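# Structure at a glance
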Amino acid sequence: MKNLLACLITALVFANAAAGASADEQISVNSVRIVTGIDASPQSRLCADLLRDRIAARSKVSIEAASSNDLEPATPGQAIIYLGPGGDPLITRVCELSGTVVPTRTDPGPEGFVLKCSLTDGQPLVIAAGTDAAGTLYVVGELLRRMTYGAESISIECCEFR
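For the structure given in this document, a descriptive report is provided here. (Residues numbered from 1 in each chain as written. Predicted model: local features only at pLDDT ≥ 70, side-chain atom pairs only at ≥ 80, totals over all residues. Heavy atoms only, no water.)

Ordered in space as β3-β2-β4-β6-β5-β9, the 6 strands form an open sheet in which the pairing is mixed. Edge positions in the sheet fall to β3 (62-67) and β9 (159-161), since each has one partner strand and no second. Averaged over neighbouring strand pairs, the angle between their axes works out to 20° when direction is ignored. As paired elements, strand β5 (residues 113-120) and strand β6 (residues 123-130) share 8 bridges and run antiparallel to each other. Along β6, the bridge assignment pairs Leu119 with Pro124. Running at roughly 45° to β5, helix α4 (residues 133-145) makes contact with β4 (78-85), β5, β6 and β9 of the sheet. (Pairing = 2+ DSSP bridges. Helix = DSSP H or I, 4+ residues; strand = E, 2+ residues; numbered from the N terminus. Axes fitted to C-alpha atoms, helices over the stretch in contact; angles between N-to-C directions. Contact = heavy atoms within 4.5 Å.)

Here is the structure:
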């Protein structure tokens, strides 16, 4: 029984290490820009609006939703959240540049998603990509659960998982 417990604890430690940054690492910002691709579907735009509205309801952080096909560096104190399905050209490019595997209907599967929150070259990077419309909605929910809300700022737990 002790060996089984030790194996389970070891497996959990390695699983958490493989999932990305530790839970105590946070991205703290006072400005958020949610970016969907120029040709984003109405569902992706609704997901961006939902994310914007839910953050705004809990914090006075500066927040905007925009459409673009360009990658922009975040300004100091700002996080850019790239949101949309894996088939969107903007999401595909952001995933490829960050070394993140683009989500597909076979990996992680229908209604699946990829969420990556990290500091890349000192810049906050958040990729919230679904395999489809449902996956995009689900990744918004997961991202919201990983946020801590301050009066004029938010913190996002660093993570990477599918």
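Past the structure itself, the notes keep going.
Enumeration over the complete set of coordinates arrives at 9 salt bridges. Residues Arg105 and Asp132 are paired through a salt bridge, measuring 2.9 Å at the closest nitrogen-oxygen approach. Linking Arg105 in the loop between α3 (89-98) and β5 with Asp132 in the loop between β6 and α4, this pair joins segments that are 27 residues apart in sequence. In this structure, the salt-bridge partner of Glu157 is Arg146, at a minimum N-O distance of 2.7 Å. One end of the pair, Glu157, is in strand β8 (residues 154-157); the other, Arg146, is in the loop between α4 and β7 (147-149), with 11 residues separating them in the sequence. Looking at Arg146, the relative accessible area reads 19%, which means it is buried. When salt bridges that share partners are traced, they join Glu142, Arg145, Arg146 and Glu157 into one network. (Salt bridge = Lys/Arg side-chain N within 4 Å of Asp/Glu carboxyl O. Buried < 20%, exposed > 50% of the residue type's maximum accessible area, 1.4 Å probe, protein only.)

Further remarks concern the pairing of strand β2 (residues 31-36). Along β2, 6 of the 6 residues are buried, which leaves the element largely enclosed by surrounding structure. Because side chains alternate across β2, one face comprises the buried residues Ser31, Arg33 and Val35, and the other comprises Val32, Ile34 and Thr36, equally buried. Note that β2 and β3 share 6 bridges and pair parallel. Across the sheet, Ser31 pairs through a bridge with Ser62, a residue of β3. After leaving β2, the chain enters helix α2 (residues 42-58) and then returns to the sheet as β3, a path that is right-handed. Alignment of β2 against β4, held across 5 bridges, turns out to be parallel. In the strand pairing of β4, Arg33 is matched with Ile80. (Right-handed = clockwise from strand over helix to strand, strands pointing away.)

Keep in mind these values describe shape, not function.
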